[in-house]
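# Close look at the chain arrangement
Take a look at the letters that make up each chain.
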Amino acid sequence: MNVLILGSGGREHALAWKIAQSPMCDRLWIAPGNAGTAQVGTNLAIKVGDFQAIKQAVLDHAIDFVVVGPEDPLVNGIYDFFRSDPQLARVAVFGPSRQGAILEGSKEYAKEFMMRHGIPTAAYRSFTRKNLDQADAFIDSLTPPYVLKADGLAAGKGVLILPDARQAKDELREMILGGKFGAASAKVVIEEFLSGIELSVFAITDGHDYKLLPSAKDYKRIGEGDTGLNTGGMGAVSPVPFAQGEFMKKIEDRIVRPTIRGLEKDGIVYTGFVFFGLINVGGEPKVIEYNVRMGDPETEAVIPRVKSDLLEALYAASQGRLGQVNFEIDSRAAVTVVMVSGGYPQAYEKGKPIAGLDAVQGSVVFHAGTKLSPQGEVLTDGGRVLAVTSYADDFRDALVQSYANVDRIHFEGAYCRRDIGKDLEKML
Ligand code: AMP
Ligand code: GLY
């Protein structure tokens, strides 16, 4: 079949790399893709939000199956767009319906969903300008720090954690009245602060059956020792050493299965990835957030561990027959170290030539923010530039391998965290 992947990051390169290996894949297209996806398929200069241009490309290239990478087109209803157009009736889509994507698109909706289905999460209330007068009392009823979340999509920036009540009350007003995150913060969820180690668990679902993907831990802060500003993610380790046995069973019994059953009970059409952002609170897993897509850079550590044919599983899910698919995971660990542009996550320059990619040995380099120059040279084109993934039986050996290859790659201003996985070593 002919496949189109939507997106342009390291996640999409990892998905493209894996899907290109499938015997079921004839031609692979990526829109818009990057210099890495161009190695495994053909890039199309189409934005993920331009549904009409996507439709035209699907018709022009006889595409049979569309795999959606990022959340934006999902929240904007790309699944429903395909299903409501008779010309696209034969084209399968992997990604939830608009209704399903609200699990990521609205924090309040996600919280209500979890309450309805008895899924463990932080206690919360939501506020708008209409009940702002009650918010101060709610803040005073909580113990610090205070967690404030813009209800809508805010490009990963909509969560504030504030040490004292005065600041929380001021920021709440900035969000609701001052439009701090635009329309996304017209409604704000305030919730109980949970203390523990975070981890990510992923599933593929057809809305009835599911297959668990490997767990992963992501490193969000720019600085070593988890300091400094938040980023899209600076590295990932899979599996998470403590996400096994009894704890993993709790995750499946209390969170994964009830979520899939909940989608089904609520009549929500959902064929796609579910990303469970979890926290381990004294051995009890709780949901911090749902995303309706894979994580990035977690995908770059998780997908390489899938032994089975990923395209077969995703396509089967889109046809509602995931239960018939055999799905195997590699027992080796995989780690990803992200190389970013100098200055990221604040202002940074683009267009720097990348040297040394040919010298890499024993790692897979996924491109996150790169492009090809007219001369075919690979240039930096984003904050997160490359994701260097390695496997080993022990994740510490995989890290040594990734760092050896990071040292072979050069571009002006390149930076990476040197402590990916260090916190997990203590737990072995
Ligand atoms: P989110 O955008 O929902 O992923 O939130 C961003 C980050 O804020 C999470 O990865 C957590 O580190 C933190 N966070 C969110 N909610 C809570 C909570 N209830 N308690 C503690 N930390 C939280
Ligand atoms: N790495 C976290 C995310 O993709 O949201």
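Quick caveat, the model's predicted, so the values are computed rather than measured. As a convention, each chain's residues are numbered from 1 in the sequence order in which they are written. For this description, chains carry letters from A and ligands carry numbers from 1, given in the order in which they are written. For this predicted model, a pLDDT threshold of at least 70 governs which residues receive local features, and a threshold of 80 or more governs which side-chain atom pairs are given and counted, while totals over whole chains, interfaces and linings are taken from all residues. Derived side-chain values reflect all non-hydrogen atoms in the structure, with water molecules and hydrogen atoms excluded from consideration.

Moving on, we get to the site of ligand 2. Any residue with at least one heavy atom within 4 Å of a molecule or strand is counted as near it. Surrounding ligand 2, one finds Asp-218, Lys-220, Gly-232, Phe-275, Arg-293, Gly-295, Asp-296, Pro-297 and Glu-298. Here a polar contact is taken to be a pair of N or O atoms separated by no more than 3.5 Å, where protein atoms must pair a possible hydrogen donor with a possible acceptor and residues adjacent in sequence count only if both atoms sit in side chains. Interatomic distance of 2.9 Å between a backbone N/O atom of Asp-296 and a nitrogen atom of ligand 2. In this structure, Glu-298 approaches ligand 2 through a side-chain N or O atom, which is 2.8 Å from a nitrogen atom. Residue exposure ignores everything except the shown protein chains as possible cover, and the areas themselves are Shrake-Rupley values with a 1.4 Å probe. Relative to its free-state accessible area of 200 Å², ligand 2 is covered by the protein chains to the extent of 88%. Partitioned by chemical class, the residues of the shell around ligand 2 number 2 nonpolar, 2 polar and 5 charged. For this classification, the nonpolar set comprises Ala, Val, Leu, Ile, Met, Phe, Trp, Tyr, Cys and Pro, the charged set comprises Asp, Glu, Lys and Arg, and every other residue, Gly included, is treated as polar.

A contiguous nonpolar surface patch, about 240 Å² in accessible area, is contributed by Val-159, Ile-161 and Phe-193. Numbering of helices and strands runs from the N terminus; a helix is a DSSP stretch of H or I covering at least four residues, while a strand is a stretch of E covering at least two. Mapped onto the elements, Val-159 comes out in strand β8 (residues 159–162). Here Val-159 falls in the partly exposed class, since its relative accessible area comes to 37%. Patches here: salt-bridge-free residues with over 30% relative accessible area, like charges joined within 9 Å, nonpolar side chains (Val, Leu, Ile, Met, Phe, Trp, Tyr) joined within 5 Å. For salt bridges, the criterion is a side-chain nitrogen of Lys or Arg within 4 Å of an Asp or Glu carboxyl oxygen. We call a residue buried when its accessible area falls under 20% of the maximum for its residue type, exposed when it is over 50%, and partly exposed in between, using a 1.4 Å probe and counting protein chains only.

This brings us to the UniProt feature "domain: ATP-grasp" (unreviewed entry) in the chain. UniProt positions are given in the numbering used here, feature names are shortened, and annotations may be inferred rather than shown by experiment. Taking the UniProt record as the reference, the feature "domain: ATP-grasp" (unreviewed entry) is found at residues 111–319. In this annotation, residues 111–319 is assigned 30% helix and 29% strand; the end-to-end C-alpha distance for the span is 29 Å.

Pairing between strands is defined by DSSP: at least two bridges between them are needed. Within the open sheet, the 5 strands sit side by side as β3-β2-β1-β4-β5. Their pairing is parallel. Strands at the two margins of the open sheet, each flanked by one partner only, are β3 (42–43) and β5 (92–94). Relative to β3, strand β2 (residues 28–32) runs parallel, the two sharing 2 bridges. Along β3, the bridge assignment pairs Ile-30 with Asn-43. Helix α1 (residues 10–20) contacts β1 (3–7), β2 and β4 (65–68) of the sheet and is inclined by roughly 170 degrees relative to β1. Should any heavy atoms of two residues lie within 4.5 Å, those residues are counted as being in contact. Comment: axis = line fitted to C-alpha atoms, over the contacting stretch for helices; angle = value between 0 and 180 degrees taken between N-to-C directions.

What the rule picks out here adds up to 31 salt bridges. Linking Arg-11 and Glu-12 is a salt bridge whose minimum nitrogen-to-oxygen distance equals 2.8 Å. The buried category is assigned to Arg-11, whose relative accessible area is 8%. In this structure, Lys-169 engages Asp-140 in a salt bridge whose closest nitrogen and oxygen atoms are separated by 3.0 Å. Of this pair, Lys-169 sits in helix α8 (residues 165–176) while Asp-140 sits in helix α7 (residues 132–141), and the two are 29 residues apart along the sequence. Lys-169 sits in the buried class, given a relative accessible area of 11%.

One open sheet accounts for 4 strands, arranged β11-β10-β16-β17; its pairing is antiparallel. The strands lining the two open edges of the sheet, one partner per strand, are β11 (210–212) and β17 (284–291). Looking at each pair of strands side by side, their axes are set apart by 35 degrees on average, direction ignored. In terms of strand pairing, strand β16 (residues 272–281) meets β17 through 7 bridges, oriented antiparallel. Looking at the pairing, Phe-275 lines up with Asn-291 of β17. Along the sheet, helix α9 (residues 245–265) makes contact with β10 (197–205), β11, β16 and β17, crossing β17 at roughly 40 degrees.

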